[in-house]
Amino acid sequence: MTIRVVVAEDQSAVRAGLVLILRSAGDVEVVGEAADGEEAVRLARELRPDLVLMDVQMPKLDGVSATRQVVADGLADVLVLTTFDLDEYVFGALRAGAAGFLLKNAEAAELIGAVRTVARGEGLISPAVTRRLIAEFAAPARPARPTAPPALATLTRREREVLSCLGEGLSNAEIAVRLDMAEATAKTHVSRLLGKLELRSRLQAAVLAQELGL
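Residues numbered from 1 in each chain as written. Predicted model: local features only at pLDDT ≥ 70, side-chain atom pairs only at ≥ 80, totals over all residues. Heavy atoms only, no water.

Helix and strand counts for the protein stand at 10 helices and 5 strands. Counting the 214 residues in the protein, one finds 50% classified as buried. Sequence separation of at least 24 residues holds for 66% of the intrachain contacts in the protein that already meet a minimum separation of 6. Put simply, the protein shows about 9800 Å² of open surface, and 50% of that area lies on carbon and sulfur atoms. (Helix = DSSP H or I, 4+ residues; strand = E, 2+ residues; numbered from the N terminus. Buried < 20%, exposed > 50% of the residue type's maximum accessible area, 1.4 Å probe, protein only. Contact = heavy atoms within 4.5 Å. Areas by Shrake-Rupley, 256 points an atom, 1.4 Å probe, with all protein chains shown as cover.)

Listed below in structure tokens is the structure:
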């Protein structure tokens, strides 16, 4: 399966480098390039790619707002390029429904691997990045934990176990091993609990699990 990607990055040299790396992978096709957030949304709407590689800092429309539009309209999954000194941007992209996060200084192999991971529906890029992200935003400054959403009560025991695994940053394959089930079954449980909790991404579920101490 060929993974169709739109690359959104305002710095032309960086964008050219990302495109070059992605085109070196036989299963990735760069179908569009955007220099700002508005263009990224327009291309996502026109081309319906599998994934948008989105920088958080762009002119006209920032990457967080662009991510929100792309995800809300169901146009594509979004893999956000970020640095961890931009906490507010990362947090905003998480809330907007980004499927994954990748550090801008990632190696070429890691970039390609991240694109493939998100395209498979995993949404968790690498344990190191994911767990660092969760730790960054799931440890509340306030002592009290947030109130559990009412929909949490609708989860089956198995779905709650899967949610707990998401909170640890586990992939579908790792969840399958942990809970002794098929990987496809783990993926189904993830999809169902996201629907019940009205969450847009696995990362949102992971943060919720951490916040609730599951």
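The next point concerns the sheet that holds strand 3 (residues 51–55). If you trace the 5 strands from one edge of the open sheet to the other, you get 2-1-3-4-5, paired in parallel fashion. Looking along the sheet, the strands with just one partner apiece sit at the ends: strand 2 (28–34) and strand 5 (100–103). Adjacent strand axes in the sheet meet at a mean angle of 25° when their direction is disregarded. Bridge count for strand 1 (residues 3–8) against strand 2 is 6 bridges, and the pairing is parallel. Bridge assignment links V5 to a residue of strand 2, and that residue is V30. Packing against the sheet, helix 3 (residues 63–72) makes contact with strand 3 and strand 4 (77–82), and its axis sits at approximately 165° to strand 3. (Pairing = 2+ DSSP bridges. Axes fitted to C-alpha atoms, helices over the stretch in contact; angles between N-to-C directions.)

Helix 10 (residues 202–212) packs onto helix 9 (residues 183–197) with a crossing angle of 75° between their chain directions and a minimal axis gap of 10 Å. Classified by the angle between their axes, helix 9 and helix 10 sit roughly perpendicular to one another. On the side of helix 9, the interface is formed by V190, L193, L194 and L197, while helix 10 contributes R202, A205 and L208. Per-class residue counts for the contact of helix 9 with helix 10 are 6 nonpolar, no polar and 1 charged. (Parallel < 35°, antiparallel > 145°, perpendicular 65-115°, else oblique. Nonpolar A, V, L, I, M, F, W, Y, C, P; charged D, E, K, R; others polar.)

Our next topic: the nonpolar core. Of all hydrophobic cores here, the largest spans 28 residues; its most connected members are A8, V52, M54, V70, V78, V80 and F101. Listed by contribution, the elements that provide at least two residues to this core are strand 1, helix 2 (37–47), strand 3, helix 3, strand 4, helix 4 (87–96) and helix 10. Contact partners of V78, with chain neighbours within four places excluded, come to V52, M54, T67, V70, V71, A98, A99 and G100. (Core = buried A, V, L, I, M, F, W, Y, C linked by side-chain atoms within 4.5 Å.)

Orientation of helix 7 (residues 157–167) relative to helix 8 (residues 172–179), taken along the N-to-C sense of each, is 125°, at an axis distance of 10 Å. Taken together, the axes of helix 7 and helix 8 are oblique relative to one another. In the crossing of helix 7 with helix 8, the sense of the turn from one axis to the other is right-handed. Touching R158, E161, V162, C165 and L166 of helix 7 are I175, R178 and L179, all from helix 8. (Left-handed = near helix turned anticlockwise from the far one by under 90°.)

To continue, consider the side chain of D55. Looking at the element boundaries, D55 is found in strand 3. With sequence-adjacent residues up to four places away left out, D55 is seen in contact with A8, E9, D10, G63, L81 and K104.

Right, let's get into unusual backbone geometry. You will see that K60, though not glycine, has its phi angle at about 70°, which is positive. Take K60: it is sitting in the loop between strand 3 and helix 3. According to the relative accessible area criterion, K60 is exposed, its value standing at 65%. Backbone geometry at E198 places phi at a positive 55°, although glycine is not the residue there. With respect to the secondary-structure elements, E198 resides in the loop between helix 9 and helix 10.

Such coordinate-based values are descriptive only and should not be taken to indicate function.
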